[in-house]
Amino acid sequence: MLRNKEIILGVTGGIAAYKAVELLREMVKRGANVHVVMTKNAQQFVSPLTFETLSGNPVLCEMFRLFRGSKIGHVTLADIADLMVIAPATANILGKIANGIADDLLTTMVMAMKVPVLFAPSMNVNMWQSSFVQNNVERLKAHGYQFIGPAEGDLACGGAGRGRLADIAEIIEKIEDIFTKKDLQGQRILVTAGPTLEAIDPIRYITNRSTGKMGFALAKMARRRGAEVTLITGPNYLSLPRRDIQQISVHSAQQMRDVVMEYYEDCHIVIMAAAVADFRPQNTLQEKIKKTNGTYILKLEKNPDILKELGEKKGEHILVGFAAETSELMENAGQKLKEKNLDIIVANDVTQPGAGFGTDTNIVKILDVRGRVRKLPLLSKDEVANIILDQVVKLVRKKQRNLPWPRNW
Ligand code: PMT
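Predicted model, so just to flag it, every value in this text is computed and none were measured.

**Let's talk about the side chain of Asn348**
Within the secondary structure layout, Asn348 lies in strand S19 (residues 344-349). A distance of 3.1 Å separates a polar atom in the side chain of Asn348 from a polar atom in the side chain of Asn362. Once you skip the residues sitting within four places of it in the chain, Asn348 turns out to touch Phe322, Ala323, Ala324, Glu325, Leu329, Gly356, Asn362, Ile363 and Val364.

**Regarding the site of the ligand**
Among the 28 residues in the neighbourhood of the ligand, the closest are listed as Ser210, Thr211, Ala274, Lys336 and Asn348. Here an oxygen atom of the ligand and a backbone polar atom of Leu307 are 2.9 Å apart. Gly356 is positioned with one of its backbone polar atoms (N or O) 3.4 Å from an oxygen atom of the ligand. When the ligand sits alone it has 770 Å² of accessible area, and the protein chains cover 96% of it. Counting only elements with at least two residues in the shell around the ligand, the list comes to helix H9 (213-224), helix H11 (306-312) and strand S18 (318-325). The element best represented in the shell around the ligand is S18, accounting for 5 residues. A per-class count over the shell around the ligand returns 13 nonpolar, 8 polar and 7 charged.

**A short note on the domain arrangement of the chain**
The domain architecture assigned to the chain consists of domain 1 (6-178) and domain 2 (188-401). A C-alpha centroid distance of 39 Å is found between domain 1 and domain 2. Taken together, the contact between domain 1 and domain 2 spans 6 residues of the former and 5 residues of the latter. Interface of domain 1 and domain 2: buried area, both sides summed, is about 560 Å²; carbon and sulfur atoms make up 36% of it. Among the residues of domain 1 in contact with domain 2, Glu170, Glu173 and Asp177 are the three that bury the most area, contributing 78% of the side total. Across the domain 1-domain 2 interface, the total number found is 5 salt bridges. Across the pair Arg243 and Glu170 runs a salt bridge whose closest N-O atoms are separated by 2.7 Å. Joining domain 1 to domain 2, the criterion identifies 4 residue pairs in polar contact (both at pLDDT 80 or more). In terms of residue class, the side of domain 1 that touches domain 2 is built from 2 nonpolar, no polar and 4 charged.

Parameters and conventions
- Sequence order as written defines residue numbering, which begins from 1 separately in each chain.
- Residue-level local features of this predicted model are given only where pLDDT is at least 70; pairs of side-chain atoms are given and counted only at 80 or more, and the full residue set underlies all totals for whole chains, interfaces and linings.
- Water and hydrogen atoms play no part in the side-chain values, which are based on all heavy atoms of the structure.
- Note on conventions: DSSP H or I runs of at least 4 residues are helices, E runs of at least 2 residues are strands, and numbering of each starts at the N terminus.
- Residues adjacent in sequence count toward polar contacts only when both atoms are side-chain atoms; beyond that, a polar contact is any pair of N or O atoms within 3.5 Å, and within protein one must be able to donate a hydrogen and the other to accept it.
- Note on definitions: a residue-residue contact is assigned when non-hydrogen atoms from the two residues lie within 4.5 Å.
- Residues are counted as near a molecule or strand when any one of their heavy atoms sits within 4 Å of it.
- All accessible-area figures derive from a Shrake-Rupley calculation using a 1.4 Å probe, and residue coverage is judged against the displayed protein chains alone.
- Gly is placed with the polar residues, together with every amino acid not listed as nonpolar (Ala, Val, Leu, Ile, Met, Phe, Trp, Tyr, Cys and Pro) or charged (Asp, Glu, Lys and Arg).
- Throughout the structure description, domain borders are defined by an automatic or database domain assignment.
- By definition, the buried area sums, over both parts, the 1.4 Å-probe accessible area that each loses when the two are put together.
- We define a salt bridge as a side-chain nitrogen of Lys or Arg found within 4 Å of a carboxyl oxygen belonging to Asp or Glu.

The structure is reproduced here in structure tokens:
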């Protein structure tokens, strides 16, 4: 998403200036060409050389320095930029810009920007809460400037509260969000992720190898594209770089089924990426099973098939399933597509290196009800999620206009 984007990173004079180095690296890693602009105070915290080395571009600090030949720096950069992000943004910079003051290179450049400007504030909690700062923030928002954070937590001044620079992952997510077309706006999507956990006794359980990564990628990308997202997830160790996704944690397949049913009527699209356990122990014991010398036979009974139940009362919903297979990928996936009354099924052969459980990548084939197959190479789970969502968007449009099935797959 950030590939070939021209981004201006404005760094102002706060202790979080050192975190701007990491932000720069993350943007560069994603393919952006980053131009750093520093205020005089920022240079007290981090040397321009650090930013220059990591960005591969000269760092601009002075107002009256020419840029690329004889052009005026701030105007040239403002013209070519796709986005400007100011991180950290101090109370001082917010106040200056909110009041139209342009007395150095950074503030002058902001005035010349015609593309989105994102502020990531960082300051002492009392400063952030002061009516001066809050009024300035409101004023800037009213002018169309965007904000991320500040976050809550321990502050460099020794106190705690709201004032920390937002996490770098959150700032990156916000930047990606700004560049993303909102083609799922108005859609309510329910995504399931992760494994389920079926208790044997208070100590032990049956589960599977799902980590939740595929489902989390789908939830993140759907929200980025403007959908309202509810993520129902089995136990996992992941955190989302977004706070605007409703996340509901469950343990067992039965719990997942109950929550999915609760939200079903109210959503337009369901994507079941969760690896739901097909079986659970017939009895969950209240006491720990004691070690015995012989064998121990555990009786299992079937769990509800959530997706099948959704398919039986499909109505206007768009249903997307996954198939995790170890053999006969297409046959099994095709059968599940039919049996569960789905629009799309995403088949992954989990024996392939880089595919399936726990990896950051996946290799999938997407099947639709008309027997069409789209084969994807090894891609990141974010990329796979986006391609699945592209197919969902086509289905949404078809439904909205009552069109025949999309031609382009
Ligand atoms: O979480 P990760 O580590 O990133 O791994 C990703 C993944 C491998 C879990 C994911 O890509 C995937 O394949 N998810 C579906 C796994 C699965 O349960 O497949 P299945 O073939 O057993 O089930 C078919 C479909 O029915 C799935 O959409 C499943 O969510 C659903 N199902 C299954 C059983 C059940 N009792 N109820 C269901 O709703």
